[in-house]
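# Notes for the structure review
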Amino acid sequence: MIKRSLSFILCVIMTLALTFTAMPMAFADPMVEPIAAPSGWNTIFSVDSPSKTLTVNLYMNKRGEVKYTVDSANDRVIELSSLGITTADCDMTSGLKFSDDLKIEKITDEYTLISDKKDKVSDTCNEAIFSFTKGGKKLTITFRVYDNGAAHRYSLDGDETATIKSENSGFAFNDQTTVTYQPLSLSYESHYTQCVLGQNKPSVKALMTAMFEVPVASNKYYVLVTESNVWGDEPYCASNLSKPLDSNEFMVVFGQKQGADVTMTYPFSTPWRLAIISKDINEVSMSTLVTSLAPESETDDTSWVTTGRSSWSWWTTGDPITPEEQRDYIDYAAENGYEWYLVDYGWYLWENYEEKLTDLAKYAKEKGVKLSLWYGVNNYCHPTCPENSLVSDEKIEKELKWTKKIGFDAVKVDFIDSDAQKDMRLMKKVAEVGLENEIVVVFHGCQAPRGEMRKYPNVVSYEGIYGKENQKWTSIPTSVIVNQILIRNAVGPADFTPNGVKVQVPGVNSIVLSDAFDLATTVVYQ
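Here's a quick rundown of the structure. (Residues numbered from 1 in each chain as written. Predicted model: local features only at pLDDT ≥ 70, side-chain atom pairs only at ≥ 80, totals over all residues. Heavy atoms only, no water.)

Next up on the list: the overall build of the protein. A count of helices and strands for the protein gives 10 helices and 29 strands. Compactness check: the protein gives a C-alpha radius of gyration of 24 Å against a globular reference of 24 Å for 526 residues, within 12% of the reference. With the C-alpha coordinates of the protein rotated into their principal frame, the extents come out at 75 × 50 × 45 Å. The buried share of the protein, taken over its 526 residues, is 58%. The contacts in the protein between residues at least 6 apart in sequence include a share of 68% that link residues at least 24 apart. Counting every atom, the protein has about 21400 Å² of accessible surface; 50% of that belongs to carbon and sulfur. Charge centroids of the protein, computed over 50 positive and 70 negative side chains, lie 2 Å from each other. (Helix = DSSP H or I, 4+ residues; strand = E, 2+ residues; numbered from the N terminus. Rg over C-alpha atoms; globule rule 2.2 N^0.38 Å. Buried < 20%, exposed > 50% of the residue type's maximum accessible area, 1.4 Å probe, protein only. Contact = heavy atoms within 4.5 Å. Areas by Shrake-Rupley, 256 points an atom, 1.4 Å probe, with all protein chains shown as cover. Lys, Arg positive; Asp, Glu negative; His and termini not counted. Charge placed at Lys NZ, Arg CZ, Asp CG, Glu CD.)

Printed below as a string of structure tokens:
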């Protein structure tokens, strides 16, 4: 595996934990003249990043609404943006009262990753926790301000069950900003498109994650908007972005297939809403903030978690696979020093499949090759669904324990094709049961990662990308590949299938990638 390191090292050696009462400014750099509050809004607090690279400002107006901005010195990078959340029993977007206590803490996250852009991570932030009340309800808004980004989330206390109707989280930018985003797609494989926010002010519905080029005065900033810790203690839904017509603010909205309210058990916190910010696009792409906002690892022993190269019959045979050809691909992997082979869709259709898979596992072990077994979730296009699909906690427990028993070391879980809360619960369950049974997990046909591989190091990759497999039936524009390197790569490992054999079908596709370009994808994709 080729590892890459960030081009900078965070040199923060002091730890600070202080509690403040409400005050106009905190951690403000006296050498920088603060930007005036927007008309009609009062600054209730400002907090700097550890090296004072970024400043988050929090405002309130007479209606009890709360908004924020993000500045870099005298440059306003994120314009006045919305905050708040609405539950079935309380609208916490207005009528709020600011509590008189505030907690500020410096936090450093240091940890290791197995399959991300670097193995050793250190990210430091100043965390500010604000409290607001309305009608006996309490809303906590937590901001974490890094030298290269800012994140916020909501926490609510209560009894029993909360029904979340919507969030009011926004990211607003100036008219000159260019956004590069993916239109909605259940597989997260749509091609990127661009628009300048001030030109015609179109409405936009986009997948999470999007890149914004923000010119301010003589500077240009790159801002990647995404989210982290969707699974949390209790899974939320994955979210998308929506920009109304004639607006420059991208709002966080419930993701595809959610279709209704999100239900959580009190007390709960929402996922982190994150903006990674830098004048250097490489620093944005190489950021580790998505995993730093995620919970710590569930295990200290990751010796059994192995990654590597894999052979894969689907490139040549399609599906369903047959048992007769499997040993040939295991031999190919062994002869070429590959660590893995994937037994893809179709094995469940074999006669006496358990016996044949057990024999394959024994054969592969003799050859020094580990095996991965394919499973579907919402794979309604297959005759084996739902009988052989991971559609419930009970099914996940049964199938993954059986997978380990017959000698397989990994699963590829495919056809999730959903941002819905119920499917985030299933994905988390797969990760948990996999960790308990020492099974490596790759998710396919799914959203891009949200930092989960920190807590679950056995989750080594996601698809959520327009991968090389598409070259079987169409061409892949080089612009898509480059945008994915800079945008999709920023949030975690991608199951791109780099360096796959070129498949050219006259009248269907054409090969536009050179061998050198093709080889380079093995380096630039995680």
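Turning next to the packing of helix α4 (residues 326–335) against helix α5 (residues 353–367). In a pair of packed helices, the angle between the axes and the distance between the axes together describe the arrangement. Between α4 and α5, the least distance of the axes is 10 Å, while the angle of their chain directions is 20 degrees. Considering the angle they form, α4 stands roughly parallel to α5. Between α4 and α5 the crossing geometry is right-handed. Touching Q326, R327, I330, D331 and A334 of α4 are D359, L360, Y363, A364 and K367, all from α5. Here the contact of α4 with α5 is built from residues that sort into five nonpolar, one polar and four charged. (Axes fitted to C-alpha atoms, helices over the stretch in contact; angles between N-to-C directions. Parallel < 35°, antiparallel > 145°, perpendicular 65-115°, else oblique. Left-handed = near helix turned anticlockwise from the far one by under 90°. Nonpolar A, V, L, I, M, F, W, Y, C, P; charged D, E, K, R; others polar.)

Right, let's talk about the environment of P183 for a bit. Topologically, P183 is positioned in the loop between β14 (178–181) and β15 (193–196). On the basis of relative accessibility, which here comes to 31%, the residue P183 falls in the partly exposed class. For P183 and W272, which are 89 residues apart along the polypeptide, the C-alpha to C-alpha distance reads 22 Å. Sequence-distant contacts of P183, that is, excluding residues within four places in its chain, are made with S190, H191, T193, K205 and L207.

Take the sheet that holds strand β25 (residues 340–343) next. What holds strands together in a sheet is hydrogen bonding between their backbones, with the strands either parallel or antiparallel. One open sheet accounts for six strands, arranged β24-β25-β26-β27-β28-β29; its pairing is parallel. Sheet topology places β24 (310–312) and β29 (459–462) at the edges, where each strand pairs with a single neighbour. For this sheet, the mean inter-axis angle between neighbouring strands, taken without regard to orientation, is 25 degrees. In terms of strand pairing, strand β27 (residues 410–414) meets strand β28 (residues 440–443) through four bridges, oriented parallel. Paired with A410 across the bridge in β28 is V440. Packing against the sheet, α4 makes contact with β24, β25 and β26 (370–376), and its axis sits at approximately 160 degrees to β25. Packed on one face of the sheet, α5 meets β25 and β26 and runs near 150 degrees to β26. (Pairing = 2+ DSSP bridges.)

Inspection of every chain in the model, using the stated rule, returns 21 salt bridges. The shortest N-O distance in the salt bridge between K201 and D175 comes to 2.8 Å. Within this pair, whereas K201 is found in the loop between β15 and β16 (204–207), its partner D175 is found in the loop between β13 (170–172) and β14, the two being separated by 26 residues in sequence. Under the relative-accessibility criterion, D175 is labelled partly exposed at 34%. (Salt bridge = Lys/Arg side-chain N within 4 Å of Asp/Glu carboxyl O.)

Turning our attention to unusual backbone geometry. Residue Y266 is joined to P267 through a cis peptide bond whose omega torsion reads -15 degrees. Tracing the chain through its elements places P267 in the loop between β21 (262–265) and β22 (268–269). Cis geometry is found at the peptide bond from C385 to P386, where omega equals 5 degrees. When you line up the elements, P386 lands in the loop between β26 and α6 (393–405). Of note in the backbone geometry, K201 takes a positive phi value of approximately 45 degrees without being a glycine.

Core analysis: the largest hydrophobic core is formed by 117 residues, its most contacted members being V343, W347, L357 and F443. Ranked by the residues each element gives to this core, the list is headed by helix α7 (residues 421–436), at seven residues. If you look at the next biggest cluster of nonpolar residues, it comprises 21 residues, including L224, I276, V290 and L293. (Core = buried A, V, L, I, M, F, W, Y, C linked by side-chain atoms within 4.5 Å.)

Attention shifts here to the environment of V253. Positionally, V253 belongs in strand β20 (residues 249–254). Sequence separation between V253 and G170 is 83 residues; the distance between their C-alpha atoms is 9.6 Å. The contact partners of V253, leaving out residues within four places of it in the chain, are S239, N240, L241 and S242.

Glancing now at the pairing of strand β3 (residues 55–60). Look at any regular strand and the pattern is simple: side chains alternate between the two faces of the sheet. Counting buried positions along β3 gives six out of six residues, so the element sits mostly inside the fold. By the alternation rule, side chains of β3 split into T55, N57 and Y59 and V56, L58 and M60, which are all buried. Note: strand β2 (residues 42–48) against β3, six bridges, orientation antiparallel. Bridge assignment links S46 to a residue of β3, and that residue is N57. Hairpin connection, β2 to β3: the antiparallel pair is bridged by six residues, and K52 has positive phi, about 60 degrees. The pairing of β3 with strand β4 (residues 66–72) spans six bridges and is antiparallel. By the bridge assignment for β4, N57 is matched with T69. Between β3 and β4, which pair antiparallel one after the other, the connecting turn spans five residues, and G64 there sits at a positive phi close to 75 degrees.

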